[in-house]
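# A look at the structure
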Amino acid sequence: MKLAVVGGSELVTLAGPARPRTGAELRELAILRDGAMLIRDGRIEKVGPRAEIAIDLDTEIIDAGGRVVMAGFVDAHTHPVFAGNRADEFEKRAEGATYQEIAAAGGGIRSTVRKTRAAGEDALVSAASRYVTWFLRNGTTTIEAKSGYGLSIDDELKLLRAIGRIAPVHAVPTFLGAHEIPDEFRGRREAYVDFVIGEMLPRAAPLAKFCDVFCEPRVFPVAEARRVLQAARERGLGLRMHADQLENGGGALLAAELGAATADHLEHSDSAAIAALARAGVQPVLLPGAVYALGSKRYPEARAMIAAGLAVVVATDFNPGSSPTPSMPMILSLAATQMKMTPAESISASTINAAYSLGLGNEIGSLEAGKRADFVIHDCADHRELAYFFGVEPARACYIDGQLRWSR
Ligand SMILES: [Zn+2]
């Protein structure tokens, strides 16, 4: 099974050092303007100038027709398995209610938990497959996928099994039992944390690669987040954290203390927190879709993070409440207009850096020999158009493991 990709206006290879990109490296996309890529058995065999690539007669040729060919987006923060949606709360927020008011009245995450508990695994997989198509239409070929709408042993395991059935995009499973305190544990946060650590984690860990905690002073404060994450690490899981989204509660400092893979959100992190993340080598995952959809003006300090040498990631935070978008191009647009990241910086942040944040930097995130042939032909001639146009779905064809998995 041999493929050759030719005829792209830009072959955006993102080739470079075998580590996440920082500083000025974020702008180096290693673009070939008359490039070709050879693929054998789902892996990239060779990438280079067209004139240097010999194509055998038995190779199937894919002509990109003067369009951008790029590594598939890697969305390093999503919540794609849930039942129902929260269009009703969206309407209430448009009428002036805040996210916190809705949550205090039993809405928010807890309302999705009630619906998700009532749904069977097959129904959840079928709902998620609709969203997977949306990811593909926007050029995403790998997602990180969190549980966290079950919050009981059986329901969290049901979500992790559903995540395991996501296809054809690759899904990296994250256990998020400490997402919210479920109704039956209201007012008994410590007891719920004990339950997560003692009862859920031992059963969930074999189905997950990472553990995440919603670390906020009024949900899971630092001391409790630390306990959950330390227990997860002892069970072999990598660590990710929702940190400093609603207030500066020390979440980023905890991520640095624990040497987590990522600290996500960081809207309220200060310069001391950014410096701590830099010293610890924690990757920030910035989620401007959640800032936008909540109607906030407070975006994370992307420029300060890049200046501090952090290997920035951007992601959608796709979820039914605070960020109902699967569109990485929309995130690139917000990164440019609200966080002053250039299109090249946010493309690096949503491909190669995102791949490293998931421990997959040697497998995906760039078009280099030996990696999985996960690539997208976008319906544009210049990579900057991916961030510039908004409200469109630019992908024309998505290949995963060298196989055409979606096309317009
Ligand atoms: Zn999230």
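Residues numbered from 1 in each chain as written. Predicted model: local features only at pLDDT ≥ 70, side-chain atom pairs only at ≥ 80, totals over all residues. Heavy atoms only, no water.

### A word on unusual backbone geometry
For the bond from A167 to P168, the omega torsion is 0 degrees, close enough to zero to count as cis. Even without being glycine, L14 reaches a positive phi, approximately 60 degrees. Relative to the assigned elements, L14 resides in the loop between β2 (10-12) and β3 (31-32). According to the relative accessible area criterion, L14 is buried, its value standing at 0%. Non-glycine residue D41 carries a positive phi angle of around 50 degrees. For D41, the location among the structural elements is in the loop between β4 (35-40) and β5 (43-49). When its relative accessible area of 57% is taken as the criterion, D41 is described as exposed. (Helix = DSSP H or I, 4+ residues; strand = E, 2+ residues; numbered from the N terminus. Buried < 20%, exposed > 50% of the residue type's maximum accessible area, 1.4 Å probe, protein only.)

### Section: the coordination of the zinc ion
Those protein atoms acting as donors to the zinc ion are H77 (NE2), H79 (NE2), H242 (NE2) and D317 (OD), and they sit at 2.1 to 2.4 Å. Coordination geometry of the zinc ion: the four donor atoms subtend angles of 84 to 166 degrees at the metal centre, consistent with an arrangement described as irregular. Sequence spacing among the residues donating to the zinc ion works out to H-x1-H-x162-H-x74-D. A residue pair is termed long-range when its members are at least 10 positions apart, and H79 in the loop between β8 (73-75) and α1 (87-94) and H242 in strand β12 (residues 238-243) qualify at 163 residues. For the pair H79 and H242, one class covers both residues: buried. (Donors = N, O, S within 2.8 Å, 3.2 Å for Na, K, Ca; no water. Tetrahedral: all angles 85-135°; square planar, octahedral: opposite > 155°, others 65-115°.)

### Focus on the packing of aromatic side chains
Under the counting rule described, the total for this entry stands at 13 aromatic pairs. Centroid distance F375 to Y399: 4.6 Å. Interplanar angle 5 degrees. Geometry classified as stacked. With F375 in strand β16 (residues 375-378) and Y399 in strand β17 (residues 395-400), the pair connects residues that are 24 residues apart, well separated along the chain. Residue class for Y399 comes out buried when judged on its relative accessible area of 9%. Among the aromatic residues, those joined into a ring-pair cluster are F82, Y131, W134, F135, Y149 and F318. Here the guanidinium or amino end of R240 rests over the ring plane of F210, the centre of that ring lying 4.5 Å away. (Phe/Tyr/Trp six-rings, centres within 6.5 Å; stacked < 30°, edge-to-face > 60°. Lys NZ or Arg CZ within 6 Å of the ring centre and 35° of its normal.)

### Focus: helix α12 (residues 328-339)
Buried residues dominate α12, accounting for nine of its 12 residues. Residues of α12 that are buried: M328, P329, M330, I331, L332, S333, L334, A335 and M339. The N-cap of α12, judged by a side-chain oxygen 3.0 Å from the amide nitrogen of M330 a few residues on, is S327. One or two residues past the end of α12 sits K340, with phi positive at roughly 55 degrees. (Polar contact = N/O pair within 3.5 Å; in protein donor to acceptor, adjacent residues only side chain to side chain.)

### Quick word on the sheet that holds strand β14 (residues 283-286)
On the basis of which strands lie adjacent, the open sheet formed by eight strands has the order β8-β9-β10-β11-β12-β13-β14-β15 and parallel pairing. Both edges of this open sheet fall to β8 and β15 (313-314), since each of them pairs with a single strand only. Looking at chain direction, strand β11 (residues 210-215) and β12 are connected through six bridges and run parallel. Counterpart to C211 in the pairing with β12 is L239. Here α12 sits on the sheet and contacts β8, β9 (140-146), β14 and β15; the angle it forms with β8, its principal contact strand, is near 80 degrees. (Pairing = 2+ DSSP bridges. Contact = heavy atoms within 4.5 Å. Axes fitted to C-alpha atoms, helices over the stretch in contact; angles between N-to-C directions.)

### Comments concerning the pattern of salt bridges
Here the structure, examined in full by the defined rule, presents 32 salt bridges. For the salt bridge of R218 with E247, the shortest nitrogen-to-oxygen distance reads 2.8 Å. Here R218, found in the loop between β11 and α7 (222-234), pairs with E247, found in the loop between β12 and α8 (251-258); they are 29 residues apart in sequence, far enough to count as distant. Accessibility expressed as a relative area gives 71% for R218, which makes it exposed. On the basis of relative accessible area, E247 is assigned to the partly exposed category, the value being 26%. The partner of D382 in a salt bridge is R384, with the nearest N and O atoms 2.7 Å apart. Taking relative accessible area as the criterion, D382 reaches 17% and is therefore assigned buried. Salt bridges sharing common partners tie together R43, E363, R372, D374 and D401. (Salt bridge = Lys/Arg side-chain N within 4 Å of Asp/Glu carboxyl O.)

### Considering the nonpolar core
Ranked by internal contacts, the top residues of the largest apolar core, which has 121 residues, are F175, L277, M341 and F375. Residues within four places of F375 in sequence aside, it is in contact with V5, M37, I39, I62, V69, M70, A71, G72, L367, A397, C398 and Y399. Counting residues in each nonpolar core, the second largest holds 13 residues, with F210, L287, A315 and A355 among its members. (Core = buried A, V, L, I, M, F, W, Y, C linked by side-chain atoms within 4.5 Å.)

### Looking at α8
Most of α8 is tucked away: six of the eight residues are buried. Residues G251, A252, L254, A255, A256 and L258 constitute the buried set of α8. Contacts from the buried residues of α8 go to β11, α7, β12, β13 (262-265) and α9 (271-280). With its phi angle positive at about 65 degrees, G259 sits one or two positions after the end of α8.

### So, the environment of L334
Looking at the secondary structure, you find L334 in helix α12. The class of L334 is buried, set by a relative accessible area of 5%. Each C-alpha atom, one on L334 and one on A387, is 8.2 Å from the other, the two residues being 53 residues apart in sequence. Excluding its chain neighbours within four sequence positions, the residues that come into contact with L334 are P288, G289, Y292, Y299 and M339.

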